[in-house]
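What the coordinates show
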Amino acid sequence: MRNQFDRQLNDLNGQLITMGHMVEQAIEHAIEAMVHRDVEKAKKNLAYDEEVDQQERDIETLCMKLLMKQQPVAKDLRLISAALKMITDMERIGDQAADISEISISLAGESDLPKMDIIRKMAAESMLMVVNSIEAFVARDMEQAEQVTAKDDEIDQLFADARSALIEMIQKETIKPEVAVDLLMVAKYFERIGDHATNIAEWVIYSINGIHESLN
């Protein structure tokens with residue numbers, strides 16, 4: 001019985017890795033579509049969000065089977081409950097990548113998009129946070145998870161930098177206000193993705209030691 005349970009836990013790890021790769025790809029495609037004004041890629045990314053949603057449902061079903069058909073001990077219960085929380089955050093990351101793709105479609109006709117260096121850095125850092133949080137879960141690596149949570153301040157600072165720069169451009173009338181608002185929303189979505197990656201890392205820590213900051 002335990003051997004079967006362990007196999008299903010391994011399957012859970014594999015599916016979580018797959019979902020992590022999916023949302024990483026969604027982020028990457030969203031920023032590429034914006035940088036290259038690629039409307040078709042943006043539209044494909046919008047459709048891809050349904051695949052991310054389906055992966056969440058598949059993992060949720062597996063977790064329910066583990067809870068109902070097996071008799072998990074406390075440590076296993078923490079792991080499964082953490083996985084359920086993690087997929088919720090990953091699904092929301094997929095939603096935000098889709099939201100960025102929608103904005104990139106509206107900006108496709110703009111000849112120049114300023115401050116993309118900051119936004120691209122936010123995209124890269126948020127992707128790395130997502131990947132590292134999933135790897136920390138699979139490896140049961142609390143130190144790696146803690147490194148992810150520490151990164152959140154960097155994403156927050158990048159958002160503050162982007163906001164300040166765009167506000168200054170509006171004041172100097174060197175950018176269309178509506179374009180500035182769209183770019184600010186994109187930066188905000190990446191900041192939220194960083195928040196979700198942090199949430200995932202916090203649940204990883206909980207799955208290992210049973211401690212979660214928001215539950216204390």
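In what follows, the structure referred to is the one given above.
As the structure is a prediction and not an experimental result, all values here were calculated from the model. (Residues numbered from 1 in each chain as written. Predicted model: local features only at pLDDT ≥ 70, side-chain atom pairs only at ≥ 80, totals over all residues. Heavy atoms only, no water.)

**Some thoughts on the overall build of the protein chain**
Counting its secondary structure elements, the protein chain contains six helices and zero strands. Of the regular secondary structure in the protein chain, the N- to C-terminal order runs α-α-α-α-α-α. By the compact-globule yardstick of 17 Å for 216 residues, the protein chain fits well, its C-alpha radius of gyration being 19 Å. The principal-axis extent of the C-alpha atoms belonging to the protein chain is close to 65 × 35 × 20 Å. Every one of the 216 residues in the protein chain was classed for burial, and the buried ones make up 49%. Summed over all atoms, the accessible surface of the protein chain reaches about 10700 Å², with 49% contributed by carbon and sulfur. Charge centroids of the protein chain, computed over 23 positive and 41 negative side chains, lie 3 Å from each other. (Helix = DSSP H or I, 4+ residues; strand = E, 2+ residues; numbered from the N terminus. Rg over C-alpha atoms; globule rule 2.2 N^0.38 Å. Buried < 20%, exposed > 50% of the residue type's maximum accessible area, 1.4 Å probe, protein only. Areas by Shrake-Rupley, 256 points an atom, 1.4 Å probe, with all protein chains shown as cover. Lys, Arg positive; Asp, Glu negative; His and termini not counted. Charge placed at Lys NZ, Arg CZ, Asp CG, Glu CD.)

**Regarding helix H2 (residues 39-69)**
Since the α-helix turns once every 3.6 residues, residues separated by three or four places project in the same direction. Its 31 residues place the ends of H2 46 Å apart at the C-alpha level, agreeing with the 45 Å of an ideal helix rising 1.5 Å per residue. Within H2, burial applies to Ala-42, Asn-45, Tyr-48, Asp-49, Val-52, Asp-53, Gln-55, Glu-56, Ile-59, Leu-62, Cys-63 and Leu-66. (Expected span 1.5 Å × (residues − 1).)

**Details of the side chain of Ser-126**
Looking at where Ser-126 falls in the secondary structure, it is placed in helix H4 (residues 116-139). Residues within four places of Ser-126 in sequence aside, it is in contact with Ile-27, Ile-155, Phe-190, Ile-193 and Gly-194. (Contact = heavy atoms within 4.5 Å.)

**Things to note about the nonpolar core**
Formed by 67 residues in total, the largest nonpolar core has its most connected members in Leu-12, Met-34, Leu-183 and Phe-190. Sorting the residues of this core by element identifies helix H1 (2-35), H2, helix H3 (74-106), H4, helix H5 (142-171) and helix H6 (177-209) as the ones contributing at least two each. Broken down by element, this core gets its largest block of residues, 15 residues, from H6. Beyond its immediate sequence surroundings of up to four residues, Phe-190 is in contact with Ile-27, Ile-31, Ile-100, Ile-119, Met-122, Ala-123, Ser-126 and Ile-155. (Core = buried A, V, L, I, M, F, W, Y, C linked by side-chain atoms within 4.5 Å.)

**Section: the packing of H4 against H5**
Running from N to C, H4 and H5 point in directions that differ by 165°, and their axes come no closer than 10 Å. Between H4 and H5, the angle falls in the class roughly antiparallel. Relative to H5, the crossing made by H4 is left-handed. Seen from H4, the contacting residues are Ile-118, Lys-121, Met-122, Glu-125, Ser-126, Met-129, Asn-132, Ser-133, Glu-135 and Ala-136; seen from H5, they are Gln-144, Ala-145, Val-148, Lys-151, Asp-152, Glu-154, Ile-155, Leu-158, Phe-159, Asp-161 and Ala-162. Grouping the constituent residues of the contact of H4 with H5 by class yields 10 nonpolar, four polar and seven charged. (Axes fitted to C-alpha atoms, helices over the stretch in contact; angles between N-to-C directions. Parallel < 35°, antiparallel > 145°, perpendicular 65-115°, else oblique. Left-handed = near helix turned anticlockwise from the far one by under 90°. Nonpolar A, V, L, I, M, F, W, Y, C, P; charged D, E, K, R; others polar.)

**Examining a nonpolar patch on the surface**
Side chains of Met-64, Leu-67, Met-68 and Leu-77 sit close together on the surface and give an oily, nonpolar patch of about 370 Å² of accessible area. Considering each element in turn, the nonpolar patch owes the most residues, three residues, to H2. Along the chain, Leu-67 falls in helix H2. Note on Leu-67: relative accessible area 32%, which makes it partly exposed. (Patch = residues over 30% accessible without salt bridge, like charges linked within 9 Å, V, L, I, M, F, W, Y side chains within 5 Å. Salt bridge = Lys/Arg side-chain N within 4 Å of Asp/Glu carboxyl O.)

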